[in-house]
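# Inside the fold
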Amino acid sequence: MAGQGPLLGVAQHPILMCSAVFAVLLTLLYYYLLPKPLPGIPYNEESARRVMGDVPEFVALVEAGRRPRDFWADLCAKKNSPIAQYFPGPFLNPVIVVSDFREAQDLFIRRSKQLDRGAIGRMMWGGVGDHHFVAMDASDHKFAASRFLAKDLMGPNYLQTVQPPILHFYSVPCIHEDGGADVSAPIGYGNVESLMELWRFKAAVADGRPFAVINDLMALTADTIFETAMGIEGSDKNIHRYHEHLRSIDLPRIKPESDDTLFPFPEYECDGLLKTIDVIAHVAGKFPTAPILQLHWPIHNLRKEVRKARRDRHSIIQTYIDRALERWETVGPPKKPRWAIDLIIGREQMAAKKEGRKPDYRSKLFHDALYGYCFGGQDTTHSALSFLVKHFGMYQEPQRKLRAALREAHAAAVAEHRSPTSDEICKTQIPYLDAYIEEVLRLNTTASGVVKEAVEDMEIFGYHVPKGTQVIVPLWGASIDSPALPIDESKRSQTSQEHANDMPGDWTNSRYPPETFHPERWMREDSETGRVVFAPRAGPHMTFSAGPRECWGKRLAMITLRLVTTLLVWNFDFLPLPEGMDSLEVSDILNAKPKVCVLRLKPLEL
Ligand code: HEM
Ligand SMILES: *[C@@H]1O[C@H](CO)[C@@H](O)[C@H](O)[C@H]1NC(C)=O
């Protein structure tokens, strides 16, 4: 080990020595941090040569006026391959992207044991509530406990008494022990009525001019989901507060020269529980494209606004828990639970009994069960509703067809000059209505993608994917709204090949091009009866993901969308918008929202 020549010289000068060691360490660190591509799987060459990997690509998309969330679908399209990999930044391994409906279905449904929530998903959702199952691996010991608390909320008993239409939609018989429909009218119905009252008022004031509705729909969604969750009422209702506010202020009544200008109603400013969701959703939404994922929540959690949202959320939820417990103590457990909170209390009592402990209504698990329900239902349903109503005005002919289909199906309501009751909406199959909603969900997918983790070494499209690798499936792009990308059939998994003929893998053989809006693509003629029916398996869309970890609230979401669509199209004519007001741009908060969501409404005579 005898030092020689120059090295010896360096060793004798401490500063030189330190700098040399530092330089060597820095070089080693640099190479250590450089992305290590998985063999064979396509990637951006340039990204592999920098420590930040593909992070600058998100920035480039923004600079090009595109959505950063187009990155995943774009990557596969650019590589002309349904599988690719990208590099999400320092200390993170390459992430696999699978942009192919057939293989994604196969992974989520038939190979679901090989995938779990995983590191990125836990990080992203953990910031919202690390004691809610959305943020947990199925192997987490808390997962079963969290699922147990929420078990009744989408189950038949609750849905039968409170949300009958959901059962109908999923073709389980609707049971009405009491014979009356209105007793168990879905909570959504009353809230849509409040929204329609608000819109009749706004339409009268606006007198033919268009107005913005994105926050009105946010208020509607919140009232529906919070009431279902905890029974909020009166001035806790967002629409109620907003409507009162509008009536209490002076609104400009002078008619401008042109009817084509936006009527400047003050927008609804949310507060309370909805505000906490809004703040936290904004942070969660920036996660997927954040420069350093590991630091995203820790840094944002220091911000005053986020700290306040967390405090408020806790105290508001606790107030409702205490209120419910008080009811239980004074009048006993409800015979026919109407609100989610009562079912969660019931489940907590069962769990406590089983485990020989006292029920804990202040635990993180209990809080997150309730907050997760409110949070999970709010931003998603709001996005879908905003895109839906935007379509009414954008496509006049389909709107007329939709209204005609509704009127034909609800003939009694037409004859009696009223809206269909919730019971009628529940019992009536209307293929065009289902097709319309399905088509909006396909084209205007609210969540950009689903992220999972390989829990064992596995193969995807014949490539080796090591245990621990994150796998992202974009919910739009190839196979969903553009043709599937080419791949050799033999590269698909065994099970994927076995199910090749279950349904089409993309829309290229459809009568309607994949990128166009045509509800009819979701309808077919029944070969036995000759009647036109809704065809949910006509082709791909994955708005709710699939398999055991698909959207847990899908049933509630679908009934809300059906109910709102029926009542709105029944009661209002959505007139075409002036040029420039029907922009198709989106803003990606947590879920995608139309940047401009403006309506020109004419209330209809019933
Ligand atoms: C149109 C409305 C909705 C859409 C488009 C939607 C979409 C999705 C998607 C794509 C996922 C999968 C996320 C992932 O795996 O990363 C998901 C999961 C979930 N959704 Fe929804 N959702 C909607 C409404 C709702 C509602 C109303 C609720 C609850 C009241 C809800 C609660 C949840 C929960 C708890 C999960 C996590 C499931 C799990 O981890 O196993 N969602 N949703
Ligand atoms: C929404 O749907 C329309 C078609 O009805 C489509 O033109 C538009 O690109 C879609 N936008 C997004 C962001 O999904």
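Residues numbered from 1 in each chain as written. Chains lettered and ligands numbered in written order. Predicted model: local features only at pLDDT ≥ 70, side-chain atom pairs only at ≥ 80, totals over all residues. Heavy atoms only, no water.

Next up on the list: the nonpolar core. Soluble globular proteins: nonpolar side chains tend toward being buried together. By size, the foremost hydrophobic cluster in this structure holds 136 residues, and its most contacted members are Tyr86, Trp199, Phe226, Met230, Phe265 and Leu568. When residues of this core are sorted by domain, at least three fall in each of domain 1 (38-117 + 448-520) and domain 2 (145-447 + 543-603). Not counting chain neighbours up to four residues away, the residues in contact with Tyr86 comprise Asp54, Phe58, Phe71, Trp72, Leu75, Pro94, Val95, Val97 and Ile472. Ile96, Val98, Ile460 and Met542 belong to the second-largest nonpolar core, a separate cluster that totals 23 residues. (Core = buried A, V, L, I, M, F, W, Y, C linked by side-chain atoms within 4.5 Å. Buried < 20%, exposed > 50% of the residue type's maximum accessible area, 1.4 Å probe, protein only. Domains from an automatic or database assignment. Contact = heavy atoms within 4.5 Å.)

Another aspect to go through is the coordination of the iron atom of ligand 1. Donor atoms from the protein around the iron atom of ligand 1 number only one, Cys551 (SG), found at 2.3 Å. With respect to the helices and strands, Cys551 occurs in the loop between strand S10 (532-534) and helix H24 (554-571). (Donors = N, O, S within 2.8 Å, 3.2 Å for Na, K, Ca; no water. Helix = DSSP H or I, 4+ residues; strand = E, 2+ residues; numbered from the N terminus.)

Attention now goes to the domain arrangement of the protein chain. For interface size, the figure often reported is the accessible area lost on association. Here the protein chain is partitioned into domain 1 (38-117 + 448-520) and domain 2 (145-447 + 543-603). The interface of domain 1 with domain 2 comprises 33 residues on the first partner and 32 residues on the second. Between domain 1 and domain 2 lies a buried interface of about 2600 Å² when both sides are counted; carbon and sulfur atoms form 57% of it. The largest per-residue losses of area from domain 1 upon contact with domain 2 belong to Arg69, Phe517 and Pro519, which jointly make up 29% of the total buried on that side. Here domain 1 is connected to domain 2 by 4 salt bridges. With its nearest N and O atoms 2.8 Å apart, the salt bridge here joins Asp588 to Arg67. Connecting domain 1 to domain 2 are 9 residue pairs in polar contact (both at pLDDT 80 or more). (Buried area = accessible area lost by both parts, 1.4 Å probe. Salt bridge = Lys/Arg side-chain N within 4 Å of Asp/Glu carboxyl O. Polar contact = N/O pair within 3.5 Å; in protein donor to acceptor, adjacent residues only side chain to side chain.)

The next point concerns the packing of aromatic side chains. Inspection of the entire model under this criterion finds 22 aromatic pairs. When the centroid spacing of 4.5 Å and the interplanar angle of 25° are considered together, the rings of Tyr395 and Phe517 count as stacked. With Tyr395 in the loop between helix H18 (364-394) and helix H19 (396-409) and Phe517 in the loop between helix H23 (494-498) and strand S9 (523-525), this pair connects stretches of sequence that are 122 residues apart. Note on Phe517: relative accessible area 7%, which makes it buried. Taken together through their ring pairs, the aromatic side chains of Phe392, Tyr395, Tyr432, Tyr436, Phe517 and Phe574 make up a single cluster. A cation over an aromatic ring shows up here: Arg147 above the ring of Phe133, its NZ or CZ 4.3 Å from the ring centre. (Phe/Tyr/Trp six-rings, centres within 6.5 Å; stacked < 30°, edge-to-face > 60°. Lys NZ or Arg CZ within 6 Å of the ring centre and 35° of its normal.)

Quick look at a nonpolar patch on the surface now. A grouping of Met17, Val21, Val24, Leu25 and Leu28 is seen on the molecular surface, where their side chains present a nonpolar patch of about 440 Å² in accessible area. Structurally, Val21 is set in helix H2 (residues 14-33). Here Val21 falls in the partly exposed class, since its relative accessible area comes to 38%. (Patch = residues over 30% accessible without salt bridge, like charges linked within 9 Å, V, L, I, M, F, W, Y side chains within 5 Å. Areas by Shrake-Rupley, 256 points an atom, 1.4 Å probe, with all protein chains shown as cover.)

Mapped onto the present numbering, the UniProt feature "transmembrane region" (unreviewed entry) falls at residues 14-33. Taken end to end, residues 14-33 has its terminal C-alpha atoms 28 Å apart, with 100% of it in helix and 0% in strand. (UniProt positions renumbered as here; feature names shortened; annotations may be inferred.)

Moving on, we get to the layout of surface pockets. Roughly 1100 Å³ of internal volume is contained in the largest pocket. Surrounding the largest pocket, 40 residues form its lining, Glu438, Phe534, Pro536, Arg537 and His541 being those nearest its centre. Elements supplying a minimum of two residues to the lining of the largest pocket: helix H6 (101-110), H19, helix H22 (431-443), S10 and H24. Residues of the lining of the largest pocket, tallied by class, amount to 20 nonpolar, 10 polar and 10 charged. Counting the residues that make up the lining of the largest pocket, at least three belong to each of domain 1 (38-117 + 448-520) and domain 2 (145-447 + 543-603). Estimates place the volume of the second largest pocket at around 910 Å³. Along the wall of the second largest pocket there are 37 residues; nearest its centre are Arg67, Asp70, Glu585, Val586 and Asp588. (1 Å grid on protein atoms, 1.4 Å probe; cavity = no way out; pocket = protein on both sides within 12 Å on 5 of 7 lines; lining within 4 Å. Points joined across faces, edges and corners; volume = space filled by probe spheres on them. Nonpolar A, V, L, I, M, F, W, Y, C, P; charged D, E, K, R; others polar.)

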